[in-house]
Structure formats: structure tokens, C-alpha cells
Amino acid sequence: LFIVAFITIVISLYATRRYRKDINARPEGIANIFEILMEFVKSDIVIPNIGKDRYKTWTPLIFTFFIFILMGNFIGMIPFFEKIPHVYGSSTITGNMGVTAALSTITFFAIIIAGTMKHGFIGHWKNMIPSGVAAPVLVILIPIEIMGMFIKPIALMLRLGANMTAGHIGMVAIFGIPMILFSNGSGYPENISFSVGIFSVALNTAIYFLEIIVCLVQAYVFSLLSAVFIGMAIHAHH
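Okay, so let's go over this structure. (Residues numbered from 1 in each chain as written. Predicted model: local features only at pLDDT ≥ 70, side-chain atom pairs only at ≥ 80, totals over all residues. Heavy atoms only, no water.)

If you look at the biggest cluster of nonpolar residues, it comprises 35 residues, and the most contacted ones within it are Ile-62, Leu-103 and Ile-230. For this core, the secondary-structure elements that each account for two or more residues are α1 (2-15), α3 (30-50), α4 (55-75), α5 (97-119), α7 (135-181) and α8 (190-234). Take this core: its biggest share by element is 10 residues, from α4. Leave out the neighbours within four places in its chain, and Leu-103 touches Phe-65, Phe-68, Ile-69, Leu-160 and Phe-222. (Core = buried A, V, L, I, M, F, W, Y, C linked by side-chain atoms within 4.5 Å. Buried < 20%, exposed > 50% of the residue type's maximum accessible area, 1.4 Å probe, protein only. Helix = DSSP H or I, 4+ residues; strand = E, 2+ residues; numbered from the N terminus. Contact = heavy atoms within 4.5 Å.)

Axis separation between α3 and α4 bottoms out at 9 Å; the angle between their running directions is 120°. Compared by their axis directions, α3 and α4 come out oblique. The hand of the α3/α4 crossing is right-handed. Taking contact as the criterion, the partners of Phe-34, Leu-37, Met-38, Phe-40, Val-41, Lys-42, Ile-45, Val-46, Ile-47 and Ile-50 in α3 are, on α4, Tyr-55, Trp-58, Thr-59, Ile-62, Phe-63, Phe-66 and Ile-67. Looking at the contact of α3 with α4, its residues break down into 15 nonpolar, 1 polar and 1 charged. (Axes fitted to C-alpha atoms, helices over the stretch in contact; angles between N-to-C directions. Parallel < 35°, antiparallel > 145°, perpendicular 65-115°, else oblique. Left-handed = near helix turned anticlockwise from the far one by under 90°. Nonpolar A, V, L, I, M, F, W, Y, C, P; charged D, E, K, R; others polar.)

Inspection of the secondary structure puts Arg-54 in the loop between α3 and α4. The buried charged residue Arg-54 lacks any salt bridge, with Asp-53 as its nearest oppositely charged partner at 4.0 Å. Residues in contact with Arg-54, not counting those within four places in the same chain, are Met-117, Lys-118 and Ile-234. (Lys, Arg positive; Asp, Glu negative; His and termini not counted. Salt bridge = Lys/Arg side-chain N within 4 Å of Asp/Glu carboxyl O.)

Across its 23 residues, α5 extends 32 Å between first and last C-alpha, which sits within 8% of the 33 Å expected from 1.5 Å per residue. All of the buried residues in α5 are Val-99, Thr-100, Leu-103, Ser-104, Thr-107, Phe-108, Ala-110, Ile-111, Ile-112, Ala-114 and Gly-115. Between the side-chain oxygen of the N-cap and the backbone nitrogen of Gly-98 there are 2.7 Å, and the N-cap of α5 in question is Asn-96. (Expected span 1.5 Å × (residues − 1). Polar contact = N/O pair within 3.5 Å; in protein donor to acceptor, adjacent residues only side chain to side chain.)

A word on a positive patch on the surface. On the surface, Arg-17, Arg-18, Arg-20 and Lys-21 cluster together into a patch of positive charge. In this structure, Lys-21 sits in helix α2 (residues 17-21). (Patch = residues over 30% accessible without salt bridge, like charges linked within 9 Å, V, L, I, M, F, W, Y side chains within 5 Å. Areas by Shrake-Rupley, 256 points an atom, 1.4 Å probe, with all protein chains shown as cover. Charge placed at Lys NZ, Arg CZ, Asp CG, Glu CD.)

A separate point is the packing of α1 against α4. One can describe the packing of α1 onto α4 by two numbers: an axis separation of 9 Å at closest approach and a directional angle of 125°. The angle between α1 and α4 falls in the class oblique. The chirality of how α1 crosses α4 is right-handed. Judged by residue contacts, Val-4, Ala-5, Ile-7, Thr-8 and Ile-11 of α1 engage Ile-67, Phe-68, Met-71, Gly-72 and Ile-75 from α4.

Attention now goes to the pattern of salt bridges. The tally for this structure, following the rule as stated, stands at 1 salt bridge. Residue Lys-42 pairs with Glu-39 through a salt bridge whose shortest N-O separation is 3.5 Å. Of the two residues, Lys-42 and Glu-39 both sit in helix α3, 3 residues apart, roughly one turn of that helix. Given the relative accessible area of 22%, Lys-42 is considered partly exposed.

Before going further, it helps to examine the packing of aromatic side chains. In this structure the tally under the stated criterion is 7 aromatic pairs. Between Phe-34 and Phe-63, the ring centres sit 5.1 Å apart and the planes meet at 90°, which makes this aromatic pair edge-to-face. A residue pair is termed long-range when its members are at least 10 positions apart, and Phe-34 in helix α3 and Phe-63 in helix α4 qualify at 29 residues. Residue classification places Phe-63 among the buried residues on the basis of a relative accessible area of 5%. Among the aromatic side chains, those forming a connected cluster through ring pairs are Phe-40, Phe-66 and Tyr-220. When the ring centre of Tyr-14 is taken as origin, the NZ or CZ atom of Arg-17, which lies over that ring, is 4.0 Å away. (Phe/Tyr/Trp six-rings, centres within 6.5 Å; stacked < 30°, edge-to-face > 60°. Lys NZ or Arg CZ within 6 Å of the ring centre and 35° of its normal.)

Right, dumping it as C-alpha cells:
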């Protein structure tokens, strides 16, 4: 977690160093990639869901989500960290529910802050109750709206954590089955054991490349849904 946070901060500072001196500076090297990602998050995620009038307020948060999750996902794909003393296994931090719960909690409070900034504290909570609804319906609707307020961040937490964990579990299972079936004393010929081992390596290589796509998609989905939920609080009348 600290490695990912450190790398995220260092890369962000390094990529934007020229802009802090000259806002019209031409991007070079990693700044090109950083600018492309920033423009993508701003134009394709924040503005369509939050709006042009407030994108400067919320783009930094959504972009930080995107970069941090992307770094965490990719670094978790490196089969190295189990060699570090006192580190429990080699785990993707975004597969840890504690990390995803923390990110979702930030989104939870961002939703409340966004609604309060737009409609005022009382107005934000009043927007949870649709106008013109019969009183008997409100008895059912108000509890549903309150539950929905908590279900949104919980869905973010579970979606990100489960997707990143699933790929690692699949890889372990594919490697584990041949090792169990063809362990010493199992009675299977060595040539069959070797063939199954080669097949497992090939299949896991394919899954590894699939997980790279999942790393990108999950960073996008978390950022997108966070922007959608914040936008819903701002544009409650929609």
C-alpha cells in the first residue's frame, strides 16, 4: 500500500513538474501519458456525469482514484513482493477489502459534500425524498433511499475487491490442481505430469494478460461509478 502510494505521488509530481513552472509547457515523456489520462478522465468520465461547471472541483479526486487504483492493480501483478520479509504473501492491494472500503468511504463522503455544496446541507437530504409522492409510499421509499446511500459505496468496494481477487484465485487454482494430482506417490506417469504442467503455465500466461485488461477496466469502472454517484447528488432533479 505504501509502495503504491509513494509511486503514485512521485509519478504525479514528476509528470507535472513542467506545468507547475509554465502552464503552457509542452508535455514530454511521461507527461504525455499523464496528460492523455487526465484528459480522458476529465472528458469521458467527469464532465459527462458531473458537468462542465464543476469538473475542476472533482476531476482531481476522480483522477487520483484512477491513477492510484491503476498503480495498485499493476504492481499487484508483479510476482515479487512475497520475497520481502514480513510481507504476508503477494497480494494486490485493491484485492484487500480494507483498501477498497477506504476508497469507497472517500466516495461516500464526496457524495454528501457534493450534494451539500450544490443544494445546501438541508437541501441535499431533502433531495433523497422525491416530491409529489403519496405519504404511504414514502414509508417504503425513505428506507430504500437510506439503504441506497450505503449500498452505493458497498457496491464499489465489493466490485473492485472481488474482481482483483478472482484473477489471483483462478491462477492459484490452475497451478494447484496439477501439483495436487501429480504429486509424488499419486501414481501418474511423469510425462503426463509434465504435459499438464506445461498446459497450466500456458493457460495462466493467457489469464495473466487477461488480468492486465481487468486492471485497466476496474480502475475505469471505480472512477466512473464514483463520478456517477457524485453527479447524482449534484443533479438530484434529474
